[in-house]
Amino acid sequence: MAARYEEIARDLRERISSGEYMPGATLPLMRDVAEEYGVSDITVRKAYGLLRREGLIESRRRAGTVVREHPDRLRLTVRTRQIERDELGYYSGPESQHWRPLPHPDGEKTKVVSLPVPTDIADILEVETGYELTVRRRLIGDPDVETHRQLADSWISPWVSEELPQLSGGTGLGGMYDRLEEWQGRPLQWREEISARMPTPEEAEALVMPPTGVPLLRALRVTFFPSKGKKPERIAEVQDIRMSAEIFAVGYPLPRGASAQWPVTPATGDYYKTAPEG
């Protein structure tokens, strides 16, 4: 059974989603809501706190508690899944061709440091959690839209740092990927996995996100040379890309598989029929 504050939050949530309280609208004072529902101010404070953590409302000085604007309702940007070559000769996604490196607070555009590798990235690179690796840290964004930005940390495999030490510094025109392909004389390939989590305070500030209520969309992009003959696949880098899930979505095509090619075989039987036991 839901607690009373959860029931009040659910009711207010429905009133927000239905448009009774539009983005920018001020919610009633907590004492008025408490009187409406016949509860204490503390119960209403808990309900408002829940909606605040969900990113539906926010407190504004001199304005009270207001319904937050939600850029995702406008579908600002959709990220598609393919790699292209931009006009400057760098590999990137098609929707961020005009994006450029932005300065970190200290003015640097690419920070090259040695840091302990996170667990999930360590698993991909087959190193121990906490093993120190070279990581190239960048903030990439649209020069014309402040909130259209992403954090990108490139964790470089130990074998790459050993065999191409120059990648721990300036990489030249075309960047790291061009240096790797020139060195191997063959093309790189990429694959990604997408997840979500809440941002750290530092990530929220860098991405111009609200401090609470909005998750990160996270893409781990694995850069590798595919297996060739007796040579196994070699992972060169894992790029940890984070962006606001309030603004960005991931889009990709859904091609028909072999069993779904047109014309299709007519359906038979009851799809939901329980299989016979035994």
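Trainee: A description of the overall build of the chain should follow, citing residues and the corresponding values.
Mentor: From N to C terminus, the chain includes seven helices and 13 strands. Sorting the 278 residues of the chain into buried and exposed places 39% on the buried side. If you take every contact in the chain between residues at least 6 apart in sequence, the share linking residues at least 24 apart comes to 59%. Accessible surface, the chain: about 16800 Å² in total, of which carbon and sulfur atoms supply 53%.

Trainee: Could you give an account of the packing of aromatic side chains, naming the residues involved and the relevant values?
Mentor: For the coordinates displayed, the defined rule picks out three aromatic pairs. Ring geometry for tryptophan 99 versus phenylalanine 248: centroids 5.9 Å apart, planes at 70 degrees, classification edge-to-face. Note that tryptophan 99 is positioned in the loop between strand 5 (91–92) and strand 6 (100–102) and phenylalanine 248 in strand 13 (residues 248–251), a separation of 149 residues in sequence. The class of tryptophan 99 is buried, set by a relative accessible area of 6%. Judged by relative accessible area, which is 5%, phenylalanine 248 ranks as buried. In this arrangement the basic side chain of arginine 191 is found over the ring face of phenylalanine 224, its NZ or CZ atom lying 4.5 Å from the centre.

Trainee: So what's going on with the pairing of strand 12 (residues 234–244)? Residues and values would help.
Mentor: For strand 12, a buried count of ten out of eleven residues is recorded, marking the element as mostly surrounded by other parts of the structure. Of the strand pairs in this sheet, strand 9 (residues 149–156) and strand 12 are connected by six bridges, and their pairing is antiparallel. The residue bridging isoleucine 156 from the neighbouring strand is glutamate 237, located in strand 12. Bridge analysis of strand 11 (residues 216–225) against strand 12 gives ten bridges, and the strand direction is antiparallel.

Trainee: Outline the pattern of salt bridges, listing residues and values.
Mentor: Taken as a whole and judged by the stated rule, the model has 19 salt bridges. Salt bridges here are not isolated pairs; linked through shared partners, they connect Arg137, Asp153, Arg197, Glu203 and Arg242.

Trainee: Run through the packing of helix 1 (residues 4–17) against helix 3 (residues 41–53), naming residues and quoting values.
Mentor: Relative to each other, helix 1 and helix 3 sit at 55 degrees, their axes nearing to 8 Å. For the element pair helix 1 / helix 3, the angle class is oblique. The handedness of the crossing between helix 1 and helix 3 is right-handed. Mapping the contact onto sequence places Arg4, Tyr5, Glu6, Ile8, Ala9, Leu12 and Arg13 in helix 1 and Thr43, Lys46, Ala47, Tyr48, Leu50 and Leu51 in helix 3. Of the residues assigned to the contact of helix 1 with helix 3, the class counts are eight nonpolar, one polar and four charged.

The rules behind each value
- Here the residue numbering is sequential within each chain, running from 1 through the sequence in written order.
- This being a predicted model, a pLDDT of at least 70 is required before a residue's local features are given, and a value of 80 or more before pairs of side-chain atoms are given or counted; all residues contribute to the totals for chains, interfaces and linings.
- Water and hydrogen atoms play no part in the side-chain values, which are based on all heavy atoms of the structure.
- Runs of H or I in DSSP of at least four residues are treated as helices and runs of E of at least two as strands, each being numbered from the N terminus.
- Buried means the residue's accessible area, taken with a 1.4 Å probe over protein chains only, is under 20% of the maximum for its type, while exposed means over 50%, and partly exposed covers the values in between.
- Every residue pair with non-hydrogen atoms within 4.5 Å of one another is taken to be in contact.
- All accessible-area figures derive from a Shrake-Rupley calculation using a 1.4 Å probe, and residue coverage is judged against the displayed protein chains alone.
- For Phe, Tyr and Trp, rings pair up if their centres lie within 6.5 Å, where Trp contributes its six-membered ring, and each pair is then called stacked (planes under 30 degrees apart), edge-to-face (over 60) or tilted (otherwise).
- Comment: the charge-over-ring label is applied if NZ (Lys) or CZ (Arg) is within 6 Å of the ring centre and within 35 degrees of the ring normal.
- We call two strands paired when DSSP finds no fewer than two bridges between them.
- A side-chain nitrogen of Lys or Arg and a carboxyl oxygen of Asp or Glu constitute a salt bridge if their distance falls within 4 Å.
- Axis definition: a line fitted to C-alpha atoms, over the contacting stretch in the case of helices. Angles run 0 to 180 degrees between N-to-C directions.
- Angular relationships are summarised with four words: roughly parallel below 35 degrees, roughly antiparallel beyond 145, roughly perpendicular across 65 to 115, and oblique for the angles in between.
- In this scheme the handedness of a crossing depends on how the near helix is turned from the far one: anticlockwise by less than a right angle means left-handed, clockwise means right-handed.
- Throughout this entry, Asp, Glu, Lys and Arg are counted as charged residues, while Ala, Val, Leu, Ile, Met, Phe, Trp, Tyr, Cys and Pro are counted as nonpolar. The remaining residues, Gly among them, count as polar.

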